[in-house]
Amino acid sequence: MTDLTNGAIVSIHNGKTEDLTAILQVLDVKKCEGKIGLVISDGQAMMPGFFGPKVNVEDLGVTEKCVIEVKSCLSKMVGSKIVAILNDVEVLSNEETKKIGNPKKVSDVLSKTSSGQFTTPSPHVKKTTSRVDDKKSSKGVQRNLYCQPIATLNPYGSDGWTIKAKVTMKGKMNSWMKNGRSGRLFNVHLLDAHGGEIRATFYNEAADTFFPKLEKGKIYTFSKGRLKLAKRMYSTLNNTYEVIFNEHSVIAEAQEDEHEKIGEVKHKYKPIAEISDCPVKSLVNVIGVVQSFTELRSITSKAGKEIHVRKINLADDSKAAIDIACWGEKEDLTDEILAEKPILAIIGCRVSDWDTRSLSTVSTAEVIVNPKNEHAKRIREWNENGDQGEIKTLSVKTQQSGSSGPLERVDICEMERVGLNSLDGSIIETRGSIAYIYHSKERLPYYNACPKCNKKVTGSEGAWTCDSCGKDYQKAEKRYLLRVSLCDHTGHQYVNCFNDQGRKILNKTAKEVGEFLETDEKAFEKVFKDSYFKEYRFICKAQRDEYQGQTRARCILLKAAEVDVEAECEYLFKQIEKYEKNN
């Protein structure tokens with residue numbers, strides 16, 4: 001009987017697949033949604049799996065009960081299960097006819113690890129199980145509970161997850177106010193032994209409960225949190241998701257596993273010369289040597305709160321420099337320290353188009369003076385060698401900063417080009433007609449909105465709920481959300497149109513159109529047909545956008561104005577003069 005690699009399935013399940021080579025048995029083979037689905041076993045545990053896209057399944061000759069050697073694989077969350085993706089596989093034997101060992105579901109095996117009922121992996125497979133106790137030690141620290149890797153967390157899986165992570169950043173307690181509501185919040189960054197990171201936020205009662213308990217640098221187990229898509233403008237962490245903890249979440253201090261040390265976070269720094277290509281409001285980390293700085297000064301916010309700020313000019317070996325507005329009074333950034341022109345690493349800067357390009361620290365920003373890492377060593381050598389050459393300054397004051405000059409006039413066929421070439425969005429002007437507006441019972445031209453904040457509400461007539469306000473309403477307000485096709489002699493372009501311009505184009509409110517849809521479909525159709533082929537001067541915003549992995553131009557209609565015939569004739573005369581001059 002073939003010897004299987006005991007413990008390999010647990011390793012794959014926990015995401016520890018780097019340099020893993022394992023001998024496994026295929027217990028079941030079946031087609032699943034056009035793919036070949038497997039159940040693989042190491043004699044102790046079993047889990048579902050699929051072949052990677054580069055595996056030639058037909059030539060492989062995989063059969064039920066065959067023994068395979070897995071040379072490359074990874075784990076992935078699919079629905080509520082973690083599955084193995086086998087990228088490099090070789091069939092060793094098709095002679096086995098019986099199941100080897102007595103494998104159990106990997107979840108059942110992991111639940112029994114506290115009582116020592118599963119064998120440790122063979123020497124050539126790294127041990128990967130994270131545990132914390134079901135029972136607390138005398139110091140209140142937990143051990144022997146299975147913990148899921150952060151990288152496998154997603155909102156579509158099971159809610160019964162537990163992670164074990166180090167707090168690498170702890171923000172200040174902040175107050176918030178939105179739509180008449182107010183509260184408190186703070187954020188932390190978490191890092192686990194597998195290198196996975198995630199941003200966590202605590203609101204109100206949860207903030208009051210956990211803020212005094214969590215300490216930077218300590219390790220805890222976290223469970224009963226809610227996962228959601230991360231807002232990239234608030235986080236530089238490499239994770240699609242973030243987690244929200246409430247007052248019912250369970251957090252306990254834990255000991256570091258001897259076999260799974262949690263290392264230090266490794267920040268990714270953006271070369272300063274590349275910041276000019278970063279979208280406005282995006283977050284970046286930077287590292288460089290101080291070129292100059294201003295005195296710390298205080299300003300008063302709109303809320304009447306006194307805030308301290310100073311401007312620091314930072315340069316790096318990309319031979320570029322940029323101004324950074326550092327908010328808050330930081331002990332490490334005194335005049336005496338900055339006068340020595342140290343190397344600063346600033347984690348959490350928001351990109352701004354103020355003074356052409358500049359940066360501003362966020363509330364959770366971390367500033368490290370003279371960090372000890374390879375980036376700092378490289379910049380120090382560059383600075384000390386005197387091979388700086390001419391340093392390009394990205395922050396340049398302009399007299400027209402904030403002013404509104406004449407808009408770029410384009411034909412409709414050029415709107416897509418402008419959008420694809422604009423990361424931050426370009427405001428453009430064009431003249432054309434409305435060719436079509438999407439409308440049907442399946443694709444309503446409006447949505448049900450909160451009467452206070454105009455955000456989308458859920459529910460039905462008489463019982464509407466606004467997730468943004470956190471309130472229930474008996475009535476919802478209908479607001480336009482139109483998909484409009486603009487056209488001229490050069491082509492057509494789809495744009496999104498919102499409530500104010502929708503009312504102008506259709507000459508009806510969204511409420512009136514909704515009533516027509518329910519009572520008189522002919523009148524409903526007539527509203528849209530009457531709007532077609534009317535000519536306007538359109539002001540639009542065109543911007544590059546990512547959708548389902550594809551880059552596209554996203555255009556928004558900001559204003560539809562009647563064509564000023566006199567101004568239009570003047571524009572056309574100037575265009576004719578330019579043409580005659582150039583030809």
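1. Comments concerning the confidence of the model for the protein chain
Part 1 of the reasoning: Confidence in the prediction for the protein chain averages 83 pLDDT; 86% of positions are at 70 or higher.
Part 2 of the reasoning: With pLDDT under 50 throughout, residues 113-144 is counted as low confidence; its partners more than four residues away or in other chains account for 83 contacts.

2. Observations concerning empty space enclosed by the protein
Rolled over the atoms, a probe as big as a water molecule pinpoints where empty space is left.
Part 1 of the reasoning: Applying the stated criterion across every chain yields a total of two cavities of 30 Å³ or more.
Part 2 of the reasoning: Looking at the second largest cavity, its volume works out to about 30 Å³.
Part 3 of the reasoning: Considering each element in turn, the lining of the second largest cavity owes the most residues, three residues, to strand 23 (residues 426-437).
Part 4 of the reasoning: For the lining of the second largest cavity, the class distribution of residues is one nonpolar, one polar and five charged.

3. Details of the sheet that holds strand 26 (residues 463-466)
Part 1 of the reasoning: Here we have three strands laid out as an open sheet, ordered 25-26-27, and antiparallel in their pairing. Of all strands in the sheet, those bounded by a partner on one side alone are strand 25 (458-460) and strand 27 (471-473). Between one strand axis and the next, the sheet turns through 20° on average, direction left out of account.
Part 2 of the reasoning: In the sheet, strand 26 pairs with strand 27 via three bridges, with the strands oriented antiparallel.

4. Regarding unusual backbone geometry
Part 1 of the reasoning: Phi is positive for K341, close to 50°, though the residue is something other than glycine.
Part 2 of the reasoning: In this fold, K341 is placed in the loop between helix 5 (335-339) and strand 19 (343-352).
Part 3 of the reasoning: Classification of K341 as partly exposed rests on a relative accessible area of 47%.
Part 4 of the reasoning: Positive phi, normally seen in glycine, also occurs at N507, with a value near 60°.
Part 5 of the reasoning: Examined against the element boundaries, N507 turns out to sit in the loop between helix 8 (499-506) and helix 9 (510-519).

5. Description of the packing of aromatic side chains
Part 1 of the reasoning: Enumeration over the complete set of coordinates arrives at 13 aromatic pairs.
Part 2 of the reasoning: With a centroid separation of 6.4 Å and 75° between ring planes, the pair formed by Y532 and F533 is classed as edge-to-face.
Part 3 of the reasoning: Ring pairs connect the aromatic residues W161, F186, F202, F210, F211, Y220, F222 and F245, which therefore count as one cluster.
Part 4 of the reasoning: The ring of F211 carries the charged tip of K170 above its face, separated from the ring centre by 4.1 Å.
Part 5 of the reasoning: The ring of Y571 has R409 lying over it, and the distance from NZ or CZ to the ring centre is 4.1 Å.

6. As for the state of the cysteines
Part 1 of the reasoning: In the structure shown here, the tally under the stated rule is zero disulfides.
Part 2 of the reasoning: With no disulfide of its own, C466 has C453 as its nearest cysteine by sulfur position, at a separation of 3.6 Å.

7. A word on the nonpolar core
Part 1 of the reasoning: Ranked by internal contacts, the top residues of the largest apolar core, which has 30 residues, are I434 and I437.
Part 2 of the reasoning: The contact partners of I434, leaving out residues within four places of it in the chain, are V484, S485, L486, I505, S531, Y532, F533, K534, Y536 and F538.

Quick notes on the rules
- Residues numbered from 1 in each chain as written.
- Predicted model: local features only at pLDDT ≥ 70, side-chain atom pairs only at ≥ 80, totals over all residues.
- Heavy atoms only, no water.
- pLDDT = per-residue confidence, 0-100.
- Contact = heavy atoms within 4.5 Å.
- 1 Å grid on protein atoms, 1.4 Å probe; cavity = no way out; pocket = protein on both sides within 12 Å on 5 of 7 lines; lining within 4 Å.
- Points joined across faces, edges and corners; volume = space filled by probe spheres on them.
- Helix = DSSP H or I, 4+ residues; strand = E, 2+ residues; numbered from the N terminus.
- Nonpolar A, V, L, I, M, F, W, Y, C, P; charged D, E, K, R; others polar.
- Pairing = 2+ DSSP bridges.
- Axes fitted to C-alpha atoms, helices over the stretch in contact; angles between N-to-C directions.
- Buried < 20%, exposed > 50% of the residue type's maximum accessible area, 1.4 Å probe, protein only.
- Phe/Tyr/Trp six-rings, centres within 6.5 Å; stacked < 30°, edge-to-face > 60°.
- Lys NZ or Arg CZ within 6 Å of the ring centre and 35° of its normal.
- Disulfide = S-S within 2.5 Å.
- Core = buried A, V, L, I, M, F, W, Y, C linked by side-chain atoms within 4.5 Å.

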